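Results of the structural survey
Residues per chain are reported as follows:
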Amino acid sequence: MTNRIPLALPLAIALAGCIPSVDRPTRPTPPRPDTGGNYPPPRPGPRPQEQVDQLPAPPPAWEQRGVADDARQIAEQTYVVRSGDSLRAIAERTGAGSEAIARANGLSAPFVIYAGQRLRIPGGRYHLVRSGQTGIAIARAYGVEWSHIVAANDLSEPYILRTGQRILIPGDARPRSAAERAAAFRLDIDDIITGGEPAIAENQAPAKPVATPRRVLPATAAVAPPTSSPGRFMWPVDGRIVGRFGAGASGQRNNGIKIAVPTETPVRAAADGTVAYVGDGIVALGGLVIIRHGENWTSVYGHASKLLVQRGQAVKKGQTIALSGDTGFADQPELHFELRKGRSPVDPATQLTRK
């Protein structure tokens, strides 16, 4: 008879942050949600490149810390648990990811396993996460959409990878050139929200937000997400809505609203939060600020001409974070404003205070 004395899993707490719902069966990768890439093309005719004025800051972690496409191909196999084993030890021994093993075997926190238990080790390509690497950089290295990696590994808030974690890379393993891999990846808001934080060590806590833009956190420092409720969101600017949420007459979907305002109008934070991104890396949106709020809310502010905050900075509701403009693919001086609950865009009109 099999000895069924449970084995201690000292890493259960760490695993719990990366395996949110492992007790449900493995599912095929779902289609990518409508997460922020659906922006209108640039208006026809020549247009000078708009300059976005930004505070001095290091480049994002995904540009600063590259990733080599050195994933290890692991064959599907069955593993018989030994006395003293843990999921992490089994992952080290087999080369698979502990999250993938837990999900494939329906294990949930506290991830108790037993000597003699037979575990299915899912086959595939596994990337070993190194210090400071981001999901975006990993996705770029393999030419795979980061959202597909999120789904394959069942990642969830706060989307902070840990050093030594093995991430399953979905898709085929055929060799591709660096140019092909780069062409297969396209940065969008969902990538920044879910794949922009750098990996940290198992026992390392994320950095606390800073109170002023004069103190700049290193790009390779993961930032702790807010925990307090954002309450009711306020309007980021006062102006006329010229683009509403959802599909327009052309069929092009708008994941937020567009508000016409004069150039250099102060743009205010819709609620207390922590700045997750500042820059112009999404061409369509020009000058861009993304703020994380408690309860998995995120607000997005695009087309700014001047950015006044830094990544990792704590901001207060009503605080000026940028000046409006017509950068990116704006049709006029305007603000592109989005609210997201988790990864899903939400109509801001349903969440903003009444004027």
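Turning next to the nonpolar core. In this structure, Ile-138, Trp-146, Ile-149, Leu-161, Ile-192 and Ile-290 are the most contacted members of the largest nonpolar core, which totals 31 residues. Ranked by residue count, the leading element in this core is helix H5 (residues 135-142), at 6 residues. In this structure, Ile-138 is in contact with Val-67, His-127, Val-129, Gln-133, Ile-149, Leu-161 and Ile-169, ignoring residues within four places of it in sequence.

Counting buried residues along H5, 7 of its 8 residues qualify, which places the element largely inside the surrounding structure. Restricting attention to buried positions, one finds in H5 the residues Gly-135, Ile-136, Ala-137, Ile-138, Ala-139, Ala-141 and Tyr-142.

This next bit is on the confidence of the model for the protein chain. Here the protein chain shows a mean pLDDT of 85. Residues at 70 or above account for 84%. Confidence over residues 1-5 falls short of pLDDT 50; this stretch has 7 contacts with residues more than four positions distant or in other chains. Within the model, the stretch residues 7-36 combines pLDDT values under 50 with 85 contacts to residues more than four positions away or in other chains.

So, on to the packing of aromatic side chains. Overall, the coordinates contain 3 aromatic pairs when judged by the stated rule. Taken together, a centroid distance of 5.3 Å and an interplanar angle of 65 degrees make the contact between Phe-233 and Trp-297 edge-to-face. With Phe-233 in the loop between helix H8 (189-195) and strand E8 (240-243) and Trp-297 in strand E15 (residues 297-307), the pair connects residues that are 64 residues apart, well separated along the chain. Relative accessible area serves as the criterion here: at 1%, Phe-233 is assigned to the buried category.

Any two side chains of opposite charge can pair if their charged atoms end up close together. Within the structure shown, the criterion is met by 14 salt bridges. Between Glu-92 and Arg-166 there is a salt bridge, and its shortest N-O distance comes to 3.4 Å. Placement of the pair is Glu-92 in helix H3 (residues 87-94) and Arg-166 in strand E7 (residues 166-169), with a sequence separation of 74 residues. A salt bridge links Glu-334 to Lys-258; the nearest nitrogen and oxygen atoms lie 3.9 Å apart. On the criterion of sequence distance, the pair formed by Glu-334 in strand E18 (residues 334-341) and Lys-258 in strand E11 (residues 257-260) is long-range, its members being 76 residues apart. Glu-334 sits in the buried class, given a relative accessible area of 1%.

Analysis parameters
- Throughout this description, residue numbers start from 1 for each chain and increase along the sequence as written.
- Side-chain atom pairs in this predicted model are given and counted only at pLDDT of 80 or more, local residue features only at pLDDT of at least 70, and totals for whole chains, interfaces and linings cover all residues.
- Neither water nor hydrogens contribute to the side-chain values; these are computed over all heavy atoms in the structure.
- What we call a nonpolar core is a set of buried Ala, Val, Leu, Ile, Met, Phe, Trp, Tyr and Cys residues that are connected through their side-chain atoms within 4.5 Å.
- Burial here depends on accessible area, computed with a 1.4 Å probe over protein chains only, as a share of the maximum for the residue type. Under 20% is buried, over 50% is exposed, and the range in between is partly exposed.
- Counting from the N terminus, the helices are DSSP H or I runs at least four residues long and the strands are E runs at least two residues long.
- We call two residues in contact whenever any of their non-hydrogen atoms come within 4.5 Å of each other.
- As a per-residue measure, pLDDT tells how confident the predictor is, with possible values from 0 to 100.
- Centres within 6.5 Å make a pair out of two Phe, Tyr or Trp rings, where for Trp the six-membered ring is used; the pair is then stacked when the planes are under 30 degrees apart, edge-to-face when over 60, and tilted otherwise.
- What makes a salt bridge here is a side-chain nitrogen of Lys or Arg within 4 Å of a carboxyl oxygen of Asp or Glu, nothing more.

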